[in-house]
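Working through the structure, step by step
Here is what each chain is made of, one letter per residue.
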Amino acid sequence: MNYTPEKMITVSVPKIFFPIVCYLFAIKASLRKIYTRLRGAKYKETFFTKGISDWSIGIYTGVSPLSLRDGIMQNPVLTAKDVADVAVVFVADPFMIRKDPLWYMFFEVFNGYSRKGEIGLAVSENGLRWNYQQIVLAEAFHISYPYVFKWNAEYYMIPETDGDGSVRLYHAARFPLEWEFCATLLKGRYADTSLLNYGGKWWMFTAESYNNILHLYYADELIGPWIRHPKSPIVSGSKRIARPAGRIVLYDGHIIRYAQDCGVHYGSGVRAFAINKLTPNEYEEHEVLESPVLKASGNGW
């Protein structure tokens, strides 16, 4: 069966926007560079200067997932200032999923005390205004990019666990607050793993941490075994199109893959690719005319 991504969503919007169907994407925004200072074992203070690597979370909308714009509300919708339970440096890598009557957003919270990422949770009634809740997953190693999805009435998450040297699958023991490790899908140093269930198989897109190589794996079952695709790596030697940039979506009969443009610097834009062939033996894609679908302004929001 085809997997309809939870990140491609239809929402109720004010009548002024009716009957436009809005696709909401939570994205990362470059604002300014953060420097943190740790003295001994105690977190002391955070210094802010102009730069490119401070992250916050905003909502963009549009008539399709290839035509997005800022403007339905004031961005950002979540920043480090919203996080109350850890000494946070920044927030990033948001993924949204709906379980009636609420929207749930899982995202990276970079803990300035431990110097590693953890997974935070925010909730919303309309997908636009968000309330931070708490940290829901932390490990002895850095975790981020919490790719959350629903399968067979159960909720799962694949956060980036490059620091553990593996791709790990978590299951919601009590959604959305309690998550338990349930399987290692791959061994290796992979970043921003993104999954798709399509054509009766599972497909895994995952990048090497240098941002210039994208691998493709497939499996009959979610827990594997995972088989390297004969065309993998499907991207090699390009920081502009390799690293995944969010949920893979089905739109207008096409599979759309998003990539972070890291050519100039990390996260400078989002490019979109339509996958033409996806079988155990074949893989073809092309960049859509609308790409890049998002660009960094250099001036924050």
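As a reminder, the structure under discussion sits directly above these lines.
Taken in spatial order, the 4 strands line up as S6-S7-S8-S9 in an open sheet, and their pairing is antiparallel. Two strands lie at the open edges of the sheet, namely strand S6 (88–99) and strand S9 (131–137), each paired on one side alone. In this sheet, adjacent strand axes meet at a mean angle of 30° when their direction is disregarded. Across 5 bridges, strand S8 (residues 116–124) lies against S9 in antiparallel orientation. Bridge pairing links Ile119 to Leu137 in S9.

Moving on to the sheet that holds strand S11 (residues 154–160). Strands belonging to one sheet form pairs held by backbone hydrogen bonds; the direction of such a pair is parallel or antiparallel. Spatially, the 4 strands line up as an open sheet ordered S10-S11-S12-S13, and their pairing is antiparallel. The open sheet is flanked by strand S10 (144–151) and strand S13 (178–187), the only strands paired with a single partner. Strand after strand, the sheet turns through a mean of 25° between neighbouring axes, direction not considered. Direction of pairing for S11 relative to strand S12 (residues 166–174): antiparallel, over a ladder of 2 bridges. Within the sheet, the bridge partner assigned to Met157 lies in S12 and is Tyr170.

Attention shifts here to the nonpolar core. Membership of the largest hydrophobic core comes to 53 residues, with the highest contact counts inside it found for Phe106, Phe149, Trp179, Leu195, Phe205 and Trp226. In this structure, Ile57, Val86, Val88 and Trp103 belong to the second largest nonpolar core, which totals 20 residues.

On to the pairing of strand S21 (residues 269–278). In terms of burial, S21 is a largely internal element, 8 of the 10 residues being buried. Two elements, strand S20 (residues 254–260) and S21, share 6 bridges in a ladder whose sense is antiparallel. Its bridge partner being in S21, Tyr258 is matched across the sheet by Ala272. As paired elements, S21 and strand S22 (residues 283–287) share 5 bridges and run antiparallel to each other. Bridge pairing in S22 places Ala274 opposite His286.

Let's shift gears to the side chain of His229. For His229, the position within the fold is in the loop between strand S17 (227–228) and strand S18 (235–236). Of the polar contacts made by the side chain of His229, one reaches the backbone oxygen of Thr279; its length is 2.6 Å. Within the structure, the side chain of His229 is placed 3.3 Å from the backbone oxygen of Glu282, a separation counted as a polar contact. Once you skip the residues sitting within four places of it in the chain, His229 turns out to touch Trp203, Leu216, Tyr217, Tyr218, Thr279, Pro280, Asn281, Glu282 and Tyr283.

A word on the pattern of salt bridges. Tallied over the full model, the rule gives 15 salt bridges. For Arg168, the salt bridge is made with Asp164, and the minimal N-O distance between the two is 3.5 Å. Its relative accessible area of 30% is what places Asp164 among the partly exposed residues. For Arg174, the salt bridge goes to Glu178, with nearest N and O atoms at 3.1 Å. A network of salt bridges, in which partner residues are shared, links Arg240, Asp261, Arg271 and Glu287.

Our next topic: the packing of aromatic side chains. Under the criterion given, the structure shown has 19 aromatic pairs. Look at Phe95 and Tyr145: their rings are 4.8 Å apart centre to centre, the planes differ by 80°, and that puts the pair in the edge-to-face class. Of this pair, Phe95 sits in strand S6 while Tyr145 is found in strand S10, placing the two residues 50 residues apart along the sequence. Here Phe106 and Trp179 contribute two aromatic rings whose centre-to-centre distance is 5.6 Å and whose plane-to-plane angle is 90°, an arrangement assigned as edge-to-face.

On to the environment of Ser291, then. Summarising the element assignment, Ser291 is placed in the loop between S22 and strand S23 (294–295). You can call Ser291 buried: its relative accessible area is 14%. C-alpha separation for the pair Ser291 and Ser67, spaced 224 residues apart in sequence, amounts to 9.3 Å. The residues touching Ser291, leaving out its near neighbours within four places in the chain, are Arg271 and Ala272. There is a polar contact of 3.1 Å between the side chain of Ser291 and the backbone nitrogen of Ala272.

Here is what the cut-offs are and how they apply
Residues numbered from 1 in each chain as written. Predicted model: local features only at pLDDT ≥ 70, side-chain atom pairs only at ≥ 80, totals over all residues. Heavy atoms only, no water. Pairing = 2+ DSSP bridges. Helix = DSSP H or I, 4+ residues; strand = E, 2+ residues; numbered from the N terminus. Axes fitted to C-alpha atoms, helices over the stretch in contact; angles between N-to-C directions. Core = buried A, V, L, I, M, F, W, Y, C linked by side-chain atoms within 4.5 Å. Buried < 20%, exposed > 50% of the residue type's maximum accessible area, 1.4 Å probe, protein only. Polar contact = N/O pair within 3.5 Å; in protein donor to acceptor, adjacent residues only side chain to side chain. Contact = heavy atoms within 4.5 Å. Salt bridge = Lys/Arg side-chain N within 4 Å of Asp/Glu carboxyl O. Phe/Tyr/Trp six-rings, centres within 6.5 Å; stacked < 30°, edge-to-face > 60°.

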